[in-house]
Amino acid sequence: MLQKVWVSSPGSWALQESNSHRQGKKKCWKCRFVRTIIQHPCRRHAPKRSRKERMLRKIQLCLCFCFVSGILYEISLLSSCVFSYLPMAQQYLTPEQVLNLGKSIIFLETTERLEPPPLVSCSVESAARIYQDRPIILFMRGLNNETALDMNTSYAAFSLLSSMKNVFLFPLQMETVFQETPLLQWYNQVVPEQEKNWVHVSSDASRLALIWKYGGIYMDTDVISIRPIPQQSFLAAQKSRFSSNGIFGFPARHKFIWDCMENFVLKYNGNIWGNQGPFLMTRMLKTLCNLTDFQGTEDHSCQNISFLNPQRFYPIPYPAWSRYYQVWDKSPSFNHSYALHLWNFMNRNRKVVVAGSNTLAENLYKTYCPSTYEDLIQNAKHR
């Protein structure tokens, strides 16, 4: 509803009472009414602006509009509001645009497969639910820029993950990832077909480069998130005096990660599993800290890097990995854990979650990745 504001000023806006100006009086009334709407004097009574002035005025308004729009867009990105109104399958954001939002949770799939298995889907979904204000990115080697990922894709996991507002699926382009890092020279010289552990080695290298460039948290695709990690610079102890590289987090351009990349190249040996992974992290941490055994559930800290207790991510150690696929009399609470590593590399018999089995893994799926679990049940019914 418009509110009338009556304004009287000397000159053209003053009311004239003479008979010869009765028509002018009516027109001035109209001018006053129009002025209340557009806040400009009537053309008949206002001094005319030059064409140049009117053009400058229009340019100023356009520039103001563009400036304000830009500010609002930047605020929406920084506050993660972009996730609330852009469906993932229809976002045409590049990996750099998403990673530059900061604090990404990064997953890698360095095989060529295009259908993430349930454990991968559960890992990504659980992270998306726990870290709802952060981008969750799954880089996949099998994807390329021409791959169409939409809600109608034949890959069920794509549809499931794409429906989550903060999940992004991107191609893993290693040569681009390794640009401006010590790893580029190594990548240009190595022959993947001759590498014994290329899937693991390429993953070890990619996670270092991505975290160094953009910061955030890296997680293996067999890690189920159960609560947020409060630390920003951390390594995860797999056991006392030994670091994992299955989950770690650092701000962008952190010196420790740069040093790890240099050591990766200097002491590269692709024939030894883990030499560029957990063994690399452990030997680099030992150059900074005097590692000691953990007592209880306390964390260690050195050089502003938190070395988190094995209970945070590995409450079930790797020799007992199969317990995740067993029925427990009483399920553990995992009160001291931020996430759970399910040791998929040790799972040579490929144990899977079976609906209705009441195993620990099934109960974790129900709680932390219910959409993946529901999809699991539907697939079982179809089979």
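Rules used in this analysis
- Residues numbered from 1 in each chain as written.
- Predicted model: local features only at pLDDT ≥ 70, side-chain atom pairs only at ≥ 80, totals over all residues.
- Heavy atoms only, no water.
- UniProt positions renumbered as here; feature names shortened; annotations may be inferred.
- Helix = DSSP H or I, 4+ residues; strand = E, 2+ residues; numbered from the N terminus.
- Buried < 20%, exposed > 50% of the residue type's maximum accessible area, 1.4 Å probe, protein only.
- Contact = heavy atoms within 4.5 Å.
- Polar contact = N/O pair within 3.5 Å; in protein donor to acceptor, adjacent residues only side chain to side chain.
- Core = buried A, V, L, I, M, F, W, Y, C linked by side-chain atoms within 4.5 Å.
- Phe/Tyr/Trp six-rings, centres within 6.5 Å; stacked < 30°, edge-to-face > 60°.
- Lys NZ or Arg CZ within 6 Å of the ring centre and 35° of its normal.

- For the protein chain, the name recorded in an unreviewed UniProt entry is A4GCT acetylglucosaminyltransferase, with Loxia leucoptera as its organism.
- Reading the Subcellular location (unreviewed entry) entry of the UniProt record for the protein chain gives the comment "Golgi apparatus membrane".

### Describing the environment of R141
Right, on to step 1. Tracing the backbone shows R141 in the loop between β2 (136-140) and α6 (156-162).
Right, on to step 2. The class of R141 is partly exposed, set by a relative accessible area of 27%.
Right, on to step 3. In contact with R141, other than residues within four places in its own chain, are E109, T110, T111, E112, L172, M174 and Y187.
Right, on to step 4. A polar atom in the side chain of R141 sits 3.4 Å from the backbone oxygen of L172.

### Overview of the nonpolar core
Right, on to step 1. Among the nonpolar cores identified, the biggest contains 50 residues, and I136, M219, I229, I247, F313, Y324 and Y365 are the most heavily contacted of them.
Right, on to step 2. By residue number, the principal contributor to this core is helix α5 (residues 118-130), which donates six residues.
Right, on to step 3. Aside from chain neighbours lying at most four places away, what touches F313 is I229, F234, A236, I247, L308, Y338, A339, L340 and H341.
Right, on to step 4. Ranked by size, the runner-up nonpolar core spans 47 residues in total, among them L93, I106, F178 and V190.

### Regarding the packing of aromatic side chains
Geometrically, a pair of aromatic rings is defined through the distance of the ring centres and the angle of the planes.
Right, on to step 1. Tallying each qualifying case throughout the model produces 20 aromatic pairs.
Right, on to step 2. Through successive ring pairs, a cluster of aromatic residues spans F178, W186, Y187, W198, F264 and Y268.
Right, on to step 3. Above the plane of the ring of F242 lies K239, whose end atom (NZ or CZ) is 5.6 Å from the centre.
Right, on to step 4. Over the aromatic face of W328 sits the side chain of R323, whose NZ or CZ is 4.0 Å from the ring centroid.

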